[in-house]
Amino acid sequence: MVLSARRRAGRSRRRPPEESRRSGRPLPAGRNGLALAGAQLPAAVLLGAAGPVALRGHDGMLYCAALLAAWPVVLLVAELVRNRGRRTLADVLAVRTRRRSVRIAAGISSVTVSVLYLAALLAAAGALVALLPGGDGGAAVRGCAAAATGVLAVLCVLLGGMRAVTRLQMAAAVLLTAGAVALASPVLLRHGADPAALLAAAAGPGGPGPATGPPAPGAGQGRWPDRLDLFGLTLALVLGTAGLPHVLARLRTVPTARAARHSVVWAAGLTGVLVLTAVVLGLGAATPPPGPVPVPGAGAVPSGPVAVAVAVAVLVTASAAAAGAVLAASVSVVHDLCGFAGRRRDRGRTPRSESVAVRRTAVAVAAAAVALVFPAGAPDALLLAGAAFAAAASAHLPVLLYSLFWRRFTPRGALWAVYGGLASVAVLTLFSPAVSGGPQALLPERDFVLFPLSNPAPVSVPLGFLAGWLGSWLSPGQVDGPGYARAEIRALTGAGVR
């Protein structure tokens, strides 16, 4: 008996494999909200908001507002996702349909979105770290910095699992908020703590860009493609956040559905603070001195010693956000694509073997993201992030909303929505001006533009919803009314949730 008690105590002291997917124990709403904000709003995103404000004025402010407007969409599904899903998007869909093909489709889509989002983080971090003293800002420096950020993210996953990722994201949120307030306060105080004076100074003739006057060319006004580009990026940010795999995973680390809702409220409040500071920083960068320093793929940052501190903060916070994306993609590969979900056909598979597989997959996922970034020397982060958010909005949000709220949604509709959304984003992005046809394109020496918009969301999101509706309408025999009733009861009450 003594030996058995010691063995049980030893097993309890070990970190269970479930911690590779969750935080080890349910988190309070406030802490989970901090981690959610740290996963979704790294310093690279903050600077990507301040730069457009400095260079594009009102259009940049609209971009900032999109970061905040995304959370009500997350709030719409937070409680239902928490009560339905266990680990991934495929688990949420499995409550309605247990077909293996649907799980594989959701797994492929989740991995694709996570790798694109991870590559965007690495690209932005590499571009900003290249501003450190001694760096020439060249492609080699940016690529190496991006690779270093990926290595830090993988080490976090390998050494601590979800618990370490959660703590790092919480620390990143605190660091990001404190740093943003510390940077924005002197800018506002320099103008007598008067926002109107700051706006007037930014709109003055001495500034590098009329932050409140007529926008610069390509700022989203003028020709109709420019207006639609701004609308597409905003639409992707607003609708895509609720479909990001690491955001959905974070909703499952709280004890109750109410705590999931409160976590989103905490994250939204913190986002509001960051958006306000981004607007102040952007307006301050538009007033001389100093002017904004253009950074490929990351917008604009203040010049001088402040840029050094900002780049260091970006390295830490981007690593925290990247670790969440790495873990979400790894769990999706192992759980959804490799057959660990549902009935274990191979009795040799254990929870611990699944945990080991997640860690091994994390290395491969990070390597894939680095391979997208390093050869090009950290390409435009906005292109990668726009593609990730557009894919999440076009492939994940339709199946998520249909599965939660539409009784006649079928497995064929799920397959068509996922693959149709992904395919439309891939094709439209490939033939867009962001890839070829201009000096700012990914391939400036080539020109095969067939689609006039840089972000495909205005077309791909309706196509994703249309594909899901059409697939369900063409397969009336697959409608499972009792299954929808059971799923609705579980989503509303949490009955049967583990």
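Look a little higher up for the structure.
Analysis parameters
- Residue positions are given per chain, counted from 1 along the sequence in the order it is written.
- Where local features are concerned, this predicted model is filtered to residues with pLDDT of at least 70; where side-chain atom pairs are given and counted, the filter is 80 or more; whole-chain, interface and lining totals use all residues.
- The basis for the side-chain values is all heavy atoms of the structure; hydrogens and waters are excluded.
- Helix and strand labels come from DSSP, where a helix needs a run of H or I of at least four residues and a strand needs a run of E of at least two; each type is numbered from the N terminus.
- The buried label applies to any residue whose accessible area, calculated with a 1.4 Å probe on protein chains only, is under 20% of its type's maximum; exposed applies above 50%, and partly exposed to all values in between.
- The definition of a nonpolar core used throughout is a set of buried Ala, Val, Leu, Ile, Met, Phe, Trp, Tyr and Cys residues joined through side-chain atoms within 4.5 Å.
- Every residue pair with non-hydrogen atoms within 4.5 Å of one another is taken to be in contact.
- Lines fitted to C-alpha atoms define the axes, with helix axes restricted to the stretch in contact, and inter-axis angles between N-to-C directions lie between 0 and 180 degrees.
- We call two directions roughly parallel when the angle between them is under 35 degrees, roughly antiparallel when it is over 145, roughly perpendicular when it lies between 65 and 115, and oblique otherwise.
- Crossings are classed by handedness, with left-handed meaning an anticlockwise turn of the near helix from the far one by less than a right angle and right-handed meaning a clockwise turn.
- The nonpolar class holds Ala, Val, Leu, Ile, Met, Phe, Trp, Tyr, Cys and Pro. Asp, Glu, Lys and Arg form the charged class, and all remaining residues, Gly among them, are polar.
- Put simply, a salt bridge is a Lys or Arg side-chain nitrogen that is within 4 Å of an Asp or Glu carboxyl oxygen.
- Here is the rule: rings of Phe, Tyr and Trp (six-membered ring for Trp) pair when centre to centre is within 6.5 Å. Planes less than 30 degrees apart are stacked, more than 60 are edge-to-face, and the remainder are tilted.

## Description of the overall build of the protein
Counting its secondary structure elements, the protein contains 17 helices and two strands. Taking all 498 residues of the protein together, 56% fall into the buried category.

## Quick word on the nonpolar core
Grouped together as the largest cluster of nonpolar side chains are 113 residues, with contacts concentrated most on Val 81, Leu 118, Leu 239, Val 399 and Leu 400. Counting residues per element, this core draws most heavily on helix α14 (residues 381–405), which supplies 16 residues. Leave out the neighbours within four places in its chain, and Leu 400 touches Val 77, Val 81, Leu 89, Val 92, Ala 242 and Leu 248.

## Here we look at the environment of Cys 338
Looking at the element boundaries, Cys 338 is found in the loop between α12 (305–337) and α13 (351–373). For the pair Cys 338 and Ile 104, spaced 234 residues apart in sequence, the C-alpha to C-alpha distance is 9.0 Å.

## Quick look at the packing of helix α6 (residues 100–129) against helix α7 (residues 139–189)
Axis separation between α6 and α7 bottoms out at 7 Å; the angle between their running directions is 125°. Taken as axis vectors, α6 and α7 run oblique relative to one another. Here the hand of the crossing between α6 and α7 comes out right-handed. Contacts from Leu 122, Ala 125, Gly 126, Ala 127 and Val 129 of α6 reach α7 at Arg 142, Ala 145, Ala 146, Thr 149 and Gly 150. By residue class, the composition of the contact of α6 with α7 is six nonpolar, three polar and one charged.

## A look at the pattern of salt bridges
Counted by the stated rule, this structure contains three salt bridges. Of the charged contacts in the structure, one is a salt bridge between Arg 261 and Glu 79, with a shortest N-O distance of 2.3 Å. Highlighted residues: Arg 261 in helix α11 (residues 257–285) and Glu 79 in helix α4 (residues 58–84), separated in sequence by 182 residues. Across the pair Asp 91 and Arg 103 runs a salt bridge whose closest N-O atoms are separated by 3.1 Å. With Asp 91 in helix α5 (residues 89–94) and Arg 103 in helix α6, this pair connects stretches of sequence that are twelve residues apart. Of the two residues, Asp 91 and Arg 103, both sit in the buried class.

## Remarks on the packing of aromatic side chains
Within the structure shown, the criterion is met by seven aromatic pairs. For the pair Tyr 402 and Phe 409, a centre-to-centre distance of 5.4 Å together with 40° between the ring planes defines the contact as tilted. Grouping residues by exposure puts Tyr 402 and Phe 409 together as buried. The interplanar angle of 80° and the centroid separation of 5.8 Å between the aromatic rings of Tyr 402 and Phe 465 together place this pair among those described as edge-to-face. One end of the pair, Tyr 402, is in helix α14; the other, Phe 465, is in helix α16 (residues 457–473), with 63 residues separating them in the sequence. The class of Phe 465 is partly exposed, set by a relative accessible area of 23%. Three or more aromatic residues joined by ring pairs form one cluster here, namely Tyr 402, Trp 406, Phe 409 and Phe 465.

## Examining the environment of Ala 267
Locating Ala 267 in the fold gives a position in helix α11. Separated by 231 residues in sequence, Ala 267 and Leu 36 have C-alpha atoms that sit 6.2 Å apart.

## Details of the packing of helix α15 (residues 411–430) against α16
Any two packed helices are characterised by how steeply their axes cross, that is the angle between the axes, and by the distance between the axes. Running from N to C, α15 and α16 cross one another at 155°; their axes reach a closest spacing of 7 Å. By the angle class used here, α15 and α16 are roughly antiparallel. Note that α15 runs across α16; the crossing there is right-handed. From α15, Arg 412, Gly 413, Trp 416, Ala 417, Gly 421, Ser 424, Val 425 and Leu 428 reach across to α16, where they touch Val 459, Ser 460, Leu 463, Gly 464, Ala 467, Gly 468, Leu 470, Gly 471 and Ser 472. A class-by-class count of the residues in the contact of α15 with α16 yields eight nonpolar, eight polar and one charged.

Fair warning: the whole summary comes from geometry, so function is off the table for now.
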